[in-house]
Amino acid sequence: MDNFEIKLKEFAEKCEDLKNQEFENFGQMEQTYCNLINEGNQLRQFLLQNPELCDKNSLLVLTNQVPDISLLDEKYKSLANIIQLTIALLQKYSEYVQTLLAEQKFEEAINIYNQMYNFTRNPIYKKNIAEIYCLNLNDNAKALEVCNSIYDYAINNAQFCRLYAKIYSFKSDVEKALSFNKMADELDMLTQVKEFISKEDYIEAINVYDSLFTLTNNYNYQKEIANIHAVCLSDIDKAISLYKDLEKHLGEDPQYWWQLSELYDKKNIRYKQVLSIQKAIKLELKNKEASAC
C-alpha cells in the first residue's frame, strides 16, 4: 500500500471529523460509517500482511489476541476506531430498525437486520428477520428459508425452535410444530440444569434431569443423574446402582461401560472394572466392523 503512513493519518482525521458531522438522512450516515469501517479494516489488513512494520504488542491487539487497546503504538491508535465505529453503527441500526417496524416498513427493517448480521454474525438478527416474514408478512416459506440458512445453530437454540414451531403451526403441520416445541422445552431444561449445577444445587439438577427423561424418554438423562451422584454428591454406590438399572437400555453403548469402569475403579472393585473395560472395547470393535462394511 503506497503512502501507508499518510492514509493512516487521514483515517484518524476522518474519524475525528465524524464526531461533528451532520447527515441529511440515515442512508448517508450509514454509507459514511461503512466507508470508514472498510477503510480502517484495509489499513489493519495491510499491517497484518506486513507484520515487520508493526511492534509485537500492537500486532497482538490488531489480531484480537489481546483486548487492551492501550498496548497499541500511538501511530496505530486510530485503528481502534474500527471497533467504536462498528458499535456506534450497530446502535444506530438498532434505533432505526425500531422506527421502521413501528412504521410497518418491514422490507426495510429486514435489510437493516441483514446488515447487522453481516457485521456481527449474531444469529439473533436472523431470528428477527424470520419473525418478520412469519408474523408480519405472512411468508412462512421465506421464514423457514432464513431459519434453515443457519440450521445447525437454530436447532440447538430454544428461541429458534419455538419460532420453527410457530411457523409450522401456521402451515398447519401439527406434528412438526409439536416436535419443535418439544425440542425447545428440552433445550430450556438443559440450560436450567447447567444453572443449578453451577449453583451446586444438585437436587434441583436431578429433578430437571428427571423431567427431561419424562419429556424425551432418553435414558442418557438418567445416566447424567447417576453421574451427579458420583461426581457432585460423592455417592459412588448410588451411582453404580443407577448404572446397573440402565444396562438394558444403554448396554450397547461403549461409553456406558467406560463410565461404569471408572465408577468401579473409584470403589477399587478391580474385577468388575476389568469386565466393564472388556465390554467397552468389544462394543467399540463391533461398531468399527459394522461401519467398515
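Here the residue index of a chain counts from 1 through its sequence in written order. With pLDDT at 70 or above as the cut-off, local features in this predicted model cover only qualifying residues; side-chain atom pairs require 80 or more to be listed or tallied, and sums for whole chains, interfaces and linings still use all residues. Only heavy atoms go into the side-chain values, all of them from the structure, while hydrogens and water stay out.

*Asks:* Whenever I open this one, the overall build of the protein confuses me. Can you help?
*Replies:* Broken down by element type, the protein carries 15 helices and 0 strands. Referenced to the eigenvectors of the C-alpha coordinate spread, the extents of the protein come out at roughly 75 × 55 × 45 Å. Every one of the 293 residues in the protein was classed for burial, and the buried ones make up 39%. Considering only intrachain contacts with a sequence separation of at least 6, the fraction spanning at least 24 residues in the protein is 45%. For the protein, the accessible surface area stands at approximately 17,500 Å², while carbon and sulfur atoms represent 47% of it. In the protein, 33 positive and 44 negative side-chain charges are present, and the distance between their average locations comes to 7 Å. Strands here are runs of E lasting at least two residues and helices are runs of H or I lasting at least four, both read from the DSSP assignment and numbered beginning at the N terminus. Any residue under 20% of the maximum accessible area for its type is buried, any over 50% is exposed, and the rest in between are partly exposed; the area is computed with a 1.4 Å probe on protein chains only. Two residues qualify as a contact provided that any one of their heavy atoms is within 4.5 Å of a heavy atom in the partner residue. Here, Shrake-Rupley sampling with a 1.4 Å probe gives the accessible areas, and only protein chains in the shown set may cover a residue. Only four residue types enter the charge count: Lys and Arg as positive, Asp and Glu as negative, with His and the chain ends excluded. For the purpose of locating charges, the reference atoms are NZ of Lys, CZ of Arg, CG of Asp and CD of Glu.

*Asks:* What is the right way to read the layout of surface pockets from this model?
*Replies:* If a probe the size of a water molecule is rolled over the atoms, the empty space left behind becomes visible. Cavity means a closed set of points on a 1 Å grid over the protein atoms alone, one where a 1.4 Å probe fits but cannot get out, pocket means an open set with protein on both sides within 12 Å along at least 5 of 7 lines, and lining means a residue has an atom within 4 Å of a point. Grid points are joined across faces, edges and corners, and a volume is the space filled by probe spheres set on the points. Reported here for the largest pocket is a volume of approximately 340 Å³. Lining of the largest pocket is provided by 16 residues; of these, R44, N64, L79, I82 and I83 occupy positions nearest its centre. Looking at the lining of the largest pocket, the elements that each hand over two or more residues are α2 (26-49), α3 (56-62) and α4 (81-102). Throughout, the ten residues Ala, Val, Leu, Ile, Met, Phe, Trp, Tyr, Cys and Pro are labelled nonpolar, Asp, Glu, Lys and Arg are labelled charged, and all others, Gly among them, are labelled polar. In terms of residue class, the lining of the largest pocket is made up of 12 nonpolar, 3 polar and 1 charged. Approximately 260 Å³ is the volume attributed to the second largest pocket.

*Asks:* Teacher, can you tell me more about the nonpolar core here?
*Replies:* Nonpolar side chains tend toward joint burial in soluble globular proteins. For the purposes of this section, nonpolar cores are sets of buried Ala, Val, Leu, Ile, Met, Phe, Trp, Tyr and Cys residues that join through side-chain atoms within 4.5 Å. Counting 59 residues, the largest nonpolar core has F11, Y76, L79, L85 and Y93 as its most contacted members. In terms of residue count, α2 provides more of this core than any other element does, 9 residues in total. Membership of the second largest hydrophobic core comes to 28 residues, among which are M189, A239, L260 and Y264.

*Asks:* I keep staring at the packing of α4 against helix α5 (residues 106-120) and nothing clicks. Help me out?
*Replies:* How two helices pack is summed up by the angle between their axes together with the distance between the axes. Angular values range over 0 to 180 degrees, each being the angle between N-to-C directions of two axes fitted as lines to C-alpha atoms, with helices fitted over their stretch in contact. Their axes nearest at 9 Å, the elements α4 and α5 cross at an angle of 160°. Relative to α5, the element α4 is oriented roughly antiparallel. By crossing handedness, the relation of α4 to α5 is classed as left-handed. On α5, the residues that touch T86, L89, L90, Y93, S94, Y96, V97, Q98, L100 and L101 of α4 are F106, E108, A109, I112, Y113, Q115, M116, F119 and T120. Of the residues that constitute the contact of α4 with α5, the class distribution is 13 nonpolar, 5 polar and 1 charged. Roughly parallel means an angle under 35 degrees; roughly antiparallel, over 145; roughly perpendicular, 65 to 115; everything else is oblique. Two helices cross in a left-handed way if the nearer one is turned anticlockwise from the farther one by less than a right angle. They cross in a right-handed way if the turn is clockwise.

*Asks:* Looking at this structure, how should I read unusual backbone geometry?
*Replies:* Phi is mostly negative for residues that are not glycine, and the peptide bonds are mostly trans. One non-glycine residue with positive phi stands out, namely N138, at about 50°. Relative to the helices and strands, N138 is located in the loop between α6 (123-136) and α7 (140-148). Here the phi dihedral of S234 falls at roughly 55°; this positive angle occurs in a residue that is not glycine. Position of S234 relative to the elements: it lies in the loop between α12 (219-232) and α13 (236-250).

*Asks:* Help me out: how do you make sense of the environment of D185 in this one?
*Replies:* For D185, the location among the structural elements is in helix α10 (residues 174-198). Separated by 84 residues in the primary sequence, D185 and I269 place their C-alpha atoms 39 Å from one another. The contacts of D185, once residues within four sequence positions are left out, are R162 and L215.

*Asks:* Is there a simple way to think about α12 in this case?
*Replies:* Because the α-helix completes a turn every 3.6 residues, residues three or four places apart line up on one side. Multiplying one less than the number of residues by 1.5 Å gives the expected span of a helix. End to end, α12 covers 20 Å across 14 residues, agreeing with the expected 20 Å (1.5 Å per residue, within 8%). On its buried side, α12 packs onto α10, α11 (202-216), α13 and α14 (254-266). In protein, a polar contact requires one atom able to donate a hydrogen and another able to accept it; more generally it is a pair of N or O atoms within 3.5 Å, and residues adjacent in sequence count only if both atoms are side-chain atoms. If you check the start of α12, you find a side-chain oxygen 2.9 Å away from the backbone N of N220, and it comes from N218. The first or second residue beyond α12 is S234, which carries a positive phi of 55°.

*Asks:* Sorry, what's going on with the pattern of salt bridges here?
*Replies:* Pairing is possible between side chains of opposite charge, provided their charged atoms come close. Salt bridges are defined as contacts in which a side-chain nitrogen from Lys or Arg sits within 4 Å of a carboxyl oxygen from Asp or Glu. A complete count under the given rule lists 11 salt bridges for this structure. The residue E16 makes a salt bridge to K19 at a minimum N-O spacing of 3.2 Å. The exposure class assigned to K19 is exposed, which follows from its relative accessible area of 63%. A network of salt bridges, in which partner residues are shared, links R162, D185 and D188.

*Asks:* Teacher, can you tell me more about the environment of N287 here?
*Replies:* Residue position: N287 is located in helix α15 (residues 270-292). Given the relative accessible area of 39%, N287 is considered partly exposed. Spatially, the C-alpha atom of N287 lies 53 Å from that of A80, the residues being 207 residues apart in sequence.

Note that every value here comes from positions in space, so none of it alone points to a role or purpose.
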